[in-house]
Amino acid sequence: MKKLAKLNFKKAITIYLIAAFVCGIASATALGYLFRSKISLALDYEKISETDRRKAPAAYEDIAAFAEKHPEIAEALVLSVDRTIVFRAKDGGIVKGNVWAFEKAEEKRGRGRLTDPSQPGIALQWLDDDLTDPLRAVIDEREGHNRLDSEKDVLLEPINQKVYPIQSWHIRQNGETVVLLFDFRPVPRAALALRIVAAAVMLFFMLYWALVALWVYADAQKSKLRGETWGLLALFTNIAGLLVYLIYKGINQVCYQCRAVMGRENTYCTNCGAKLGETCAGCGGAVGKHSGFCGRCGQAQEEK
Ligand SMILES: [Zn+2]
Ligand SMILES: [Zn+2]
């Protein structure tokens, strides 16, 4: 503990900040690379769903290019008002026939699922309308890619039925509907990568926590205060303890010579004897630096 208190904090904090910065950049880069296809899918999805809503008719070639670029788009359809399929980006045979025959199936625990009696092998499950949707289902490799990963999730696959997460939007001008069927695939080793990054974040957080407590301990020792007490306070309350410590130091005075902390009423340092404040020429009592008169005897003080 004594050795730790002599730690060069400027150096330690610099090293800590550099290490945290480097680790942060490395983690972000690694995760960005690992999840690159998901991120690109999410960004493209956001773009196409935004611009498409405003256009009429739907830009089929944009939808086709989007579906072509991302293997996780299993199918992209455009439906007319009478539910006829007027455009099909991937002819993978997922949705058969020329008419949209999917209807809301029996609701299971909250969220609707669409089924087509003529296609018992597949079902469609709505996704929420936000950017994170294509990013879901990336982690859980054990469950397979049809099981979405969240608490509200009801995607428990019936045996022999493939469930596609879907998303759709209307085009206001002509009443057409764009429907995307996703086939999310888990990112290999995603869970491991996330665990490593989480562990690194935890480690840096613990280091930060320990550094704050150590600094308070060392600084209190140096200031001839109870180092252990202040250090323990900071260890349990961290930033709150640090603030209390700094306020405590702020309302007291610090000896310019030995850095000991003591009450403002002290004229001399109780640790090294250095003269800390002004004394009254009349009574010898302590007077504040900017006082015009002595608080005890009323003698006028010279301007210094
Ligand atoms: Zn002193
Ligand atoms: Zn006086």
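Residues numbered from 1 in each chain as written. Chains lettered and ligands numbered in written order. Predicted model: local features only at pLDDT ≥ 70, side-chain atom pairs only at ≥ 80, totals over all residues.

Trainee: Got a sec to walk through the overall build of the protein chain? Specific residues and values, please.
Mentor: Broken down by element type, the protein chain carries seven helices and 11 strands. Here the protein chain holds 304 residues, and the buried ones make up 20% of them. (Helix = DSSP H or I, 4+ residues; strand = E, 2+ residues; numbered from the N terminus. Buried ≥ 20, exposed ≤ 12 C-beta atoms within 10 Å, placed from the backbone.)

Trainee: Could you give an account of the nonpolar core, naming the residues involved and the relevant values?
Mentor: Counting residues in hydrophobic clusters, the biggest one holds 25 residues, and the most contacted among them are Ile-63, Ile-73, Ala-76, Leu-180 and Phe-182. Counting only elements with at least two residues in this core, the list comes to α3 (36-54), α4 (60-69), β1 (73-79), β5 (122-126), β6 (162-170) and β7 (177-182). Per-element accounting of this core gives the leading share, six residues, to β1. Membership of the second largest hydrophobic core comes to 10 residues, among which are Ala-213, Ala-218, Leu-225 and Trp-230. (Core = buried A, V, L, I, M, F, W, Y, C linked by C-beta atoms within 7 Å.)

Trainee: Give a detailed account of helix α5 (residues 190-222), specifying residues and quantitative values.
Mentor: The end-to-end C-alpha distance of α5 is 47 Å, a good match for the 48 Å that 33 residues give at a rise of 1.5 Å each. Among all positions of α5, only Ala-213, Val-216, Tyr-217, Ala-218, Asp-219 and Ala-220 are buried. Two residues or fewer past α5, Lys-224 is found with a positive phi of approximately 60 degrees. (Expected span 1.5 Å × (residues − 1).)

Trainee: Requested: an account of the packing of α5 against helix α7 (residues 239-251), with residues and values cited.
Mentor: At their nearest, the axes of α5 and α7 sit 10 Å apart, and the two run at 20 degrees to each other. Taken together, the axes of α5 and α7 are roughly parallel relative to one another. Every pair of crossing elements has a handedness; the one defined by α5 and α7 is left-handed. Taken together, the residues of α7 that come into contact with α5 (itself represented by Val-212, Val-216 and Ala-220) are Ile-239, Gly-241, Leu-242 and Tyr-245. (Axes fitted to C-alpha atoms, helices over the stretch in contact; angles between N-to-C directions. Parallel < 35°, antiparallel > 145°, perpendicular 65-115°, else oblique. Left-handed = near helix turned anticlockwise from the far one by under 90°. Contact = placed C-beta atoms within 7 Å.)

Trainee: I'd like a description of helix α2 (residues 9-34), backed by residues and values.
Mentor: Taking 1.5 Å of rise per residue, 26 residues should cover 38 Å, and α2 covers 36 Å from first to last C-alpha, within 8% of that figure. Little of α2 is tucked away, with zero of its 26 residues classed as buried.

Trainee: Which residues make up the sheet that holds strand β2 (residues 85-88), and what values do they have?
Mentor: Taken in spatial order, the seven strands make up an open sheet running β2-β1-β7-β6-β5-β4-β3, and their pairing is mixed. Each edge of the sheet is formed by a strand with only one pairing partner; in this case those strands are β2 and β3 (103-104). Alignment of strand β4 (residues 113-115) against β5, held across three bridges, turns out to be antiparallel. In the sheet register, Leu-114 faces β5, and the bridge partner there is Leu-124. Lying on the sheet, α4 is in contact with β1, β2 and β7; it crosses β1 at an angle near 165 degrees. (Pairing = 2+ DSSP bridges.)

Trainee: Describe unusual backbone geometry, with residues and values.
Mentor: At Asn-238, a position not held by glycine, the phi torsion is positive, near 50 degrees. Asn-238 gets classed as partly exposed once you count the C-beta atoms within 10 Å, which come to 16. In this structure, Arg-259 takes a positive phi of about 70 degrees despite not being glycine. Note on placement: Arg-259 falls in the loop between β8 (253-254) and β9 (261-262).

Trainee: Which residues make up the confidence of the model for the protein chain, and what are the values?
Mentor: Averaged over every residue, the pLDDT of the protein chain is 82; residues scoring 70 or more account for 82%. When mean pLDDT is taken per element in the protein chain, helix α6 (residues 227-237) scores highest with 94 and helix α1 (residues 2-5) scores lowest with 66. Under a pLDDT of 50 for its full length, residues 139-154 has, in the predicted model, 31 contacts with residues more than four places off or in other chains. (pLDDT = per-residue confidence, 0-100.)

Trainee: Pulling in residues and values, what's your account of the packing of α6 against α7?
Mentor: For any two helices packed against each other, one specifies the inter-axial angle together with the distance between the axes. Contact geometry of α6 with α7 gives a least axis separation of 6 Å together with a crossing angle of 140 degrees. For the pair α6 and α7, contact is made by Trp-230, Leu-233, Ala-234, Phe-236 and Thr-237 and by Ala-240, Gly-241, Leu-242, Val-244 and Tyr-245, respectively. Here the contact of α6 with α7 is built from residues that sort into eight nonpolar, two polar and no charged. (Nonpolar A, V, L, I, M, F, W, Y, C, P; charged D, E, K, R; others polar.)

Trainee: Could you give an account of the pairing of β5, with specific residues and numbers?
Mentor: Remark: six residues form the turn of the hairpin made by β4 and β5, two consecutive strands paired antiparallel. Summarising the sheet, β5 and β6 pair through five bridges and their orientation is parallel. Bridging from a neighbouring strand, Trp-126 pairs with Ile-166 of β6.

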